[in-house]
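Structure at a glance
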Amino acid sequence: MQLTFSILSWGAWTPQYPHSDSWQSWHEDSAAPSLDTTPSDTTLSESSAPALKQVPAMQRRRFSRLTKMMLEVGFQCNMAPNCRSIFASRHGELPRTIGLLEDIIAKQALSPLGFSQSVHNTASGIFGIVAANTAPSTSVAAGTETLSQAMVEAFAQLYQSPEPLLLVFGDDPVPPVYDEFTQEFELPLALGLQLAPFDAPASAKLTLSRISEAATPLSYGAFIHALATAQNISGCLSHWHWSLEHV
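Criteria and thresholds
- Residues numbered from 1 in each chain as written.
- Predicted model: local features only at pLDDT ≥ 70, side-chain atom pairs only at ≥ 80, totals over all residues.
- Heavy atoms only, no water.
- Disulfide = S-S within 2.5 Å.
- Buried < 20%, exposed > 50% of the residue type's maximum accessible area, 1.4 Å probe, protein only.
- Helix = DSSP H or I, 4+ residues; strand = E, 2+ residues; numbered from the N terminus.
- Contact = heavy atoms within 4.5 Å.
- Pairing = 2+ DSSP bridges.
- Axes fitted to C-alpha atoms, helices over the stretch in contact; angles between N-to-C directions.
- Parallel < 35°, antiparallel > 145°, perpendicular 65-115°, else oblique.
- Left-handed = near helix turned anticlockwise from the far one by under 90°.
- 1 Å grid on protein atoms, 1.4 Å probe; cavity = no way out; pocket = protein on both sides within 12 Å on 5 of 7 lines; lining within 4 Å.
- Points joined across faces, edges and corners; volume = space filled by probe spheres on them.
- Nonpolar A, V, L, I, M, F, W, Y, C, P; charged D, E, K, R; others polar.
- Patch = residues over 30% accessible without salt bridge, like charges linked within 9 Å, V, L, I, M, F, W, Y side chains within 5 Å.
- Areas by Shrake-Rupley, 256 points an atom, 1.4 Å probe, with all protein chains shown as cover.
- Salt bridge = Lys/Arg side-chain N within 4 Å of Asp/Glu carboxyl O.
- Phe/Tyr/Trp six-rings, centres within 6.5 Å; stacked < 30°, edge-to-face > 60°.
- Lys NZ or Arg CZ within 6 Å of the ring centre and 35° of its normal.

Considering the state of the cysteines
Between two cysteines, a covalent bond joining their sulfur atoms is known as a disulfide. What the rule picks out here adds up to zero disulfides. Unpaired in terms of disulfides, Cys77 finds its nearest cysteine sulfur in Cys83, a separation of 9.0 Å. By relative accessible area, which is 0% here, Cys77 ends up buried.

Structure follows, in structure tokens:
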């Protein structure tokens, strides 16, 4: 099975690399566990979240960091109004869910806002509201293959209709209670891609294929750095083989 795309535009955000130009200076040490993986990062920290100035302050202050991250990279892609969208996250709004469960244990009243924004499609729904986007939006969660499975969904949608679509992937570190079940040292991170069929005019082409043999691991950071510096790169990412070529 092979998936092919044209990348028309992209956006990416981490606390260290908040915009596309900053990714040109990315280095492999950014994936080290000593960076941005402390328990305090599982809760919203305004100092390490996107400013999201496109959204009124009264509105954005209610958003989790994950939602802000995903909206930020979506806006960086400069999509056409009312575009289709796919939002992918392995963990979703897990910190909010943990907070609600702790309130239940403590027999505290649940926050209506916390409850309404604890669902997995929170970012997708809020994107529709703040961007006044009424086009279809899909939310994807598929464990460690979340990003690749979102690409499968994107390929299927583009096969059905060739108009470009927005794909947004993002995750925050899990709350400490889940630390033993996952090791994702690159988080927090969000990536946005404006995708079109492979034959569409574009400076970057992307191919995904199922791995048939051992492949060199590819980090999210290395992939985004290659986008930022117009370099070709390939390797195993999200359990698929990714090949990025600039033309």
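A closer look at helix H7 (residues 220-229)
Counting buried positions over the ten residues of H7 gives nine, a clear majority of the element. Within the sequence span of H7, burial applies to Tyr220, Gly221, Ala222, Phe223, Ile224, His225, Ala226, Leu227 and Ala228. Looking one or two residues past H7, Ala230 carries a phi angle of roughly 55°, positive in sign.

Section: the environment of Ser243
In this fold, Ser243 is placed in strand S8 (residues 240-246). Expressed as a C-alpha distance, the spacing of Ser243 and Ser209, which sit 34 residues apart in the sequence, is 8.6 Å. Look past the residues within four positions of Ser243 in its chain and what remains in contact with it is Lys205, Leu206, Thr207, Ile233 and Ser234.

Regarding the sheet that holds strand S1 (residues 2-13)
Taken together, the eight strands give an open sheet; going across it, the order is S3-S2-S4-S5-S1-S6-S8-S7, and neighbouring strands pair in mixed fashion. Bordering the open sheet on either side are strand S3 (137-140) and strand S7 (233-237), each of which pairs with just one other strand. Recorded for the sheet is a direction-independent mean angle of 25° between the axes of neighbouring strands. When S1 meets strand S6 (residues 204-210), the two strands line up antiparallel, connected through six bridges. The partner of Leu3 across the bridge, within S6, is Leu208. Against the sheet, helix H2 (residues 65-76) makes contact with S1, strand S2 (84-88), strand S4 (165-171) and strand S5 (189-196), and its axis sits at roughly 150° relative to S4, the strand it touches most.

Overview of the packing of H2 against helix H5 (residues 122-130)
For the pair H2 and H5, the least separation of the axes is 9 Å and the interaxial angle reads 50°. Classified by the interaxial angle, the pair formed by H2 and H5 is oblique. Handedness of the H2/H5 crossing: right-handed. The residues of H5 that touch H2, namely those facing Thr67, Met70, Leu71 and Phe75, are Thr122, Ala123, Ile126, Phe127 and Val130.

Comments concerning empty space enclosed by the protein
Under the definition given, this model contains three cavities of 30 Å³ or more. One number sums up the size of the second largest cavity: a volume of about 70 Å³. Elements with a minimum of two residues in the lining of the second largest cavity: H2 and H5. Here the lining of the second largest cavity takes three residues from H5, the largest share from any one element. Considered class by class, the residues forming the lining of the second largest cavity number five nonpolar, seven polar and one charged.

Focus on a nonpolar patch on the surface
There is a patch of nonpolar side chains on the surface, built from Leu101, Ile104 and Leu110 and spanning about 250 Å² of accessible area. Examined against the element boundaries, Leu110 turns out to sit in the loop between helix H3 (94-105) and helix H4 (112-116). Given the relative accessible area of 35%, Leu110 is considered partly exposed.

Overview of the packing of aromatic side chains
Per the counting criterion, the structure on display carries six aromatic pairs. Ring geometry for Tyr17 versus Trp23: centroids 5.1 Å apart, planes at 35°, classification tilted. A relative accessible area of 7% means that Tyr17 is categorised as buried. What makes Trp23 buried here is its relative accessible area of 1%. Seen from their ring centres, Tyr178 and Phe181 are 6.5 Å apart, and the 55° between their planes marks the pair as tilted. The positively charged end of Lys205 is found above the aromatic ring belonging to Phe198, 5.3 Å away from the centroid.

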